[in-house]
Amino acid sequence: MSASQLAALVAHEQQLFIQAHPHSQALAQQSAQHFSHGVPMHWMRDWGTPFPLFVQRAAGAQLTCVDGLVYDDYCLGDTGALWGHAPPAVVTAVTRQVAQGLTTMLPSPLAPAAGTALQDVFGLPWWQMTQTATDANRAVLRHARAITGRPRVLVFNHCYHGTVDETLVVQGADGSTQPRPGQIGAISDVAATTRVVEFNDLPAVAAALAAGDIACVLAEPALTNAGMVLPEAGFLQALRELCTQHGSLLIIDETHTVSSGLGGYARSTGLQADLLVCGKAVAGGLPCAVYGYSEAVAAGMRRVDAAREPGHSGLGTTLSGNPLALAALHATLTQLMTPAHYAHMLRLAQRLAHGIDTAFAQRQLPWQTTRLGARLEFAPAPAPRNGTQSLAALHDQPIAALHLMLLNRGCLLTPFHNMMLVSPATTEAQVQHFLMVLGQCLDALHFALRPA
Ligand SMILES: Cc1ncc(COP(=O)(O)O)c(C=O)c1O
């Protein structure tokens, strides 16, 4: 397929989208009067559609747009709706709480039960709540610096942990720490706050930690924001041991990898985190995140607190831990994060991955899926070792065209890369339908998906 054929196909699909969505188009024009980019948050424009799809209703694993079209949702709010949209357990808990108050700056009676549920699910004894995973990551970095008395954090190249200044970095060609490109108002000296190495590169981790100035390693157990990069055998265990050896804390960000299995990746695989962060889906889609920590870290926090001078700790936002979030968190931990739900999600995700791999193989396309429980990603083979390899493989592929074609046929994928999520509400019939639609799209795009 030539570039002009691909452009003609995209133009045709854009016309289909425009014709099918007159109400979304009208709302987009009206919103543009007051919202920059026409949307309440700028990344809502990142879908590759001529204008955003306005959603009337989201329930289970489906969205209905304002033009009455129904979509099978595999984006699931980029993990925020991992348990399905408006899960009944959360709706009931939140509805009950709404009439009793939304925010008070005081704990509700559910606090003890939510704390117990956090320990039961994730295995760590101590917890705090924030509004977003970004906030939770900011908080754990502060704690880690305070406890260790060291200035820097270590992250992996092409990681994403939210809009946390210290983590918006990439590795320069000479190994130096550089601001991630494209940032608005980036802090100038990221080398003072952060070191960055490639994922799966143990010698680089060892060398960075040996400098003795790293407070913590902040890591997803698999990179999920640069395509998907799985840890090589023994990598995370060796990372754990290196952190212990060099006195750096290991922070595991499970915001996306909670898809792996009950309790997240670390719990499922026996990896011992010093601190753990989980946001997005942890309260069924309500704004809420949590961070947990070991008894040793809690003791370190107590020491820091006792020694510090009076004043603002630099931690906290007003609405964190509000009773609505607490109710949703408790309902999610006790009624949605269940062995039965994970069994359903993992079984269907495996079917989906197998079906996608078969669709590629039947067309001799050298693409493949990588899966972390209920989360999967398809990308050109071979599987990447690190974020740099992963992004290089995805570069210039006609992914936007594929996503638009899928969307026009009722299947929604996350716009950022080829990530798909399976929820407890996703059905076998939806998976079958997706595989049929994918086959049609691959037939049309076949040559554009071949390596150059
Ligand atoms: C691994 C990880 N951590 C943290 C975040 C930040 O989440 P939020 O944008 O909800 O603060 C993200 C967002 O995509 C993420 O992927």
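Placed above this text is the structure.
As a starting point, this report considers the structure included with it.

The rules behind the values
Position labels on residues start from 1 in each chain and follow its written sequence. Owing to the predicted nature of the model, reporting of local features is limited to residues with pLDDT of at least 70; listing and counting of side-chain atom pairs is limited to 80 or more, with chain, interface and lining totals taken over all residues. Working definition: helices are DSSP H or I runs of at least four residues, strands are E runs of at least two. Numbering for both runs from the N terminus. Taken over C-alpha atoms, the radius of gyration is set against a globule rule of 2.2 Å times the number of residues to the power 0.38. To sort residues by burial, count the other C-beta atoms lying within 10 Å of each one's C-beta; a count of 20 or more means buried, 12 or fewer means exposed, and anything in between means partly exposed. C-beta atoms are built from the backbone. Note that contacts rest on C-beta atoms placed from the backbone: two residues are in contact if these are within 7 Å. For two strands to be treated as a pair, DSSP must find at least two bridges joining them. Whenever a helix is involved, its axis is fitted only over the stretch in contact; in every case the axis is a line through C-alpha atoms, and angles between N-to-C directions fall within 0 to 180 degrees. In what follows, roughly perpendicular refers to angles from 65 to 115 degrees, roughly parallel to angles under 35, roughly antiparallel to angles over 145, and oblique to any angle outside these ranges. It is the rotation of the near helix from the far one that decides the hand of a crossing: anticlockwise by less than a right angle makes it left-handed, clockwise makes it right-handed. All residues other than Ala, Val, Leu, Ile, Met, Phe, Trp, Tyr, Cys, Pro, Asp, Glu, Lys and Arg, Gly among them, are scored as polar; the first ten of these are nonpolar and the last four charged. Any residue qualifies as near a molecule or strand once its backbone-derived C-beta atom lies within 6 Å of it.

Of regular secondary structure, the chain possesses 14 helices and 16 strands. Here the chain has a C-alpha radius of gyration of 22 Å; the compact-globule value for 452 residues is 22 Å, and the two agree. Viewed in the frame of its principal axes, the chain has a C-alpha envelope of about 65 × 55 × 45 Å. Of all 452 residues assigned to the chain, the portion counted as buried reaches 47%. The contacts of the chain with a sequence gap of at least 6 include a subset with a gap of at least 24, amounting to 73%.

A few words now on the pairing of strand β3 (residues 70-73). In terms of strand pairing, strand β2 (residues 62-65) meets β3 through three bridges, oriented antiparallel. Each residue of the ladder has a partner; that of Gln 62, found in β3, is Asp 72. Strand direction decides the pairing type here: β3 and strand β15 (residues 411-412), joined by two bridges, are parallel. Paired with Asp 73 across the bridge in β15 is Leu 412.

Right, let's get into the packing of helix α4 (residues 111-122) against helix α10 (residues 323-336). It is at 9 Å that the axes of α4 and α10 come closest, and there the two elements cross at 40°. By the angle between their axes, α4 is oblique relative to α10. Relative to α10, the crossing made by α4 is left-handed. Across the interface between the two elements, Ala 111, Ala 113, Ala 114, Ala 117, Leu 118 and Val 121 of α4 pack against Leu 326, Leu 329, His 330, Leu 333 and Thr 334 of α10. Across the contact of α4 with α10, the residue classes tally to nine nonpolar, two polar and no charged.

Right, let's get into the sheet that holds strand β8 (residues 194-197). If you trace the seven strands from one edge of the open sheet to the other, you get β4-β12-β11-β10-β9-β5-β8, paired in mixed fashion. Looking along the sheet, the strands with just one partner apiece sit at the ends: β4 (126-130) and β8. On average, adjacent strands in this sheet sit at an angle of 20° to one another, irrespective of strand direction. Of the strand pairs in this sheet, strand β5 (residues 152-156) and strand β9 (residues 214-219) are connected by three bridges, and their pairing is parallel. Looking at the pairing, Val 153 lines up with Cys 216 of β9. The strands that α4 touches are β4, β11 (275-278) and β12 (289-293); relative to β12, the one it contacts most, it runs at about 70°.

A few words now on the site of the ligand. The full set close to the ligand counts 14 residues, and Thr 132, Ala 133, Thr 134, Gly 162 and Thr 255 are the nearest of them. Broken down by element, the shell around the ligand gets its largest block of residues, three residues, from helix α5 (residues 133-148). Split by residue class, the shell around the ligand holds two nonpolar, nine polar and three charged.

A few words on the environment of Ala 343. In this fold, Ala 343 is placed in helix α11 (residues 339-362). Ala 343 gets classed as partly exposed once you count the C-beta atoms within 10 Å, which come to 13. Between the C-alpha atom of Ala 343 and that of Gly 261, which follows or precedes it by 82 residues, the distance is 8.6 Å.

With that out of the way, let us pick up the sheet that holds strand β14 (residues 375-380). Ordered by their spatial adjacency, three strands build an open sheet running β13-β14-β16, and the pairing between neighbours is antiparallel. Taken across any chain shown, the strands that pair with only one partner, and hence form the sheet edges, are β13 (367-372) and β16 (419-421). Adjacent strand axes in the sheet meet at a mean angle of 25° when their direction is disregarded. As defined by bridge partners, β14 adjoins β16 across three bridges and the pair is classed as antiparallel.

For the rest of this paragraph, the subject is unusual backbone geometry. Residues other than glycine predominantly adopt negative phi, and peptide bonds predominantly adopt the trans conformation. Geometrically, the link from Ala 381 to Pro 382 is a cis peptide bond, its omega value of -5° lying close to zero. With respect to the secondary-structure elements, Pro 382 resides in the loop between β14 and α12 (387-394). Even without being glycine, Lys 280 reaches a positive phi, approximately 50°. Structurally, the position occupied by Lys 280 is in the loop between β11 and β12. Taking the number of C-beta atoms within 10 Å as the measure of exposure, Lys 280 has 24 and is therefore buried.

Attention now moves to the packing of helix α3 (residues 88-98) against α10. The geometry of α3 relative to α10 is characterised by a closest axis approach of 8 Å and an angle of 155° between their N-to-C directions. The orientation of α3 with respect to α10, classified from their angle, is roughly antiparallel. The interaxial crossing formed by α3 with α10 has right-handed handedness. Seen from α3, the contacting residues are Ala 89, Val 90, Ala 93, Val 94, Arg 96, Gln 97 and Val 98; seen from α10, they are Pro 323, Leu 324, Ala 327, Ala 328, His 330, Ala 331, Thr 332, Gln 335 and Leu 336.

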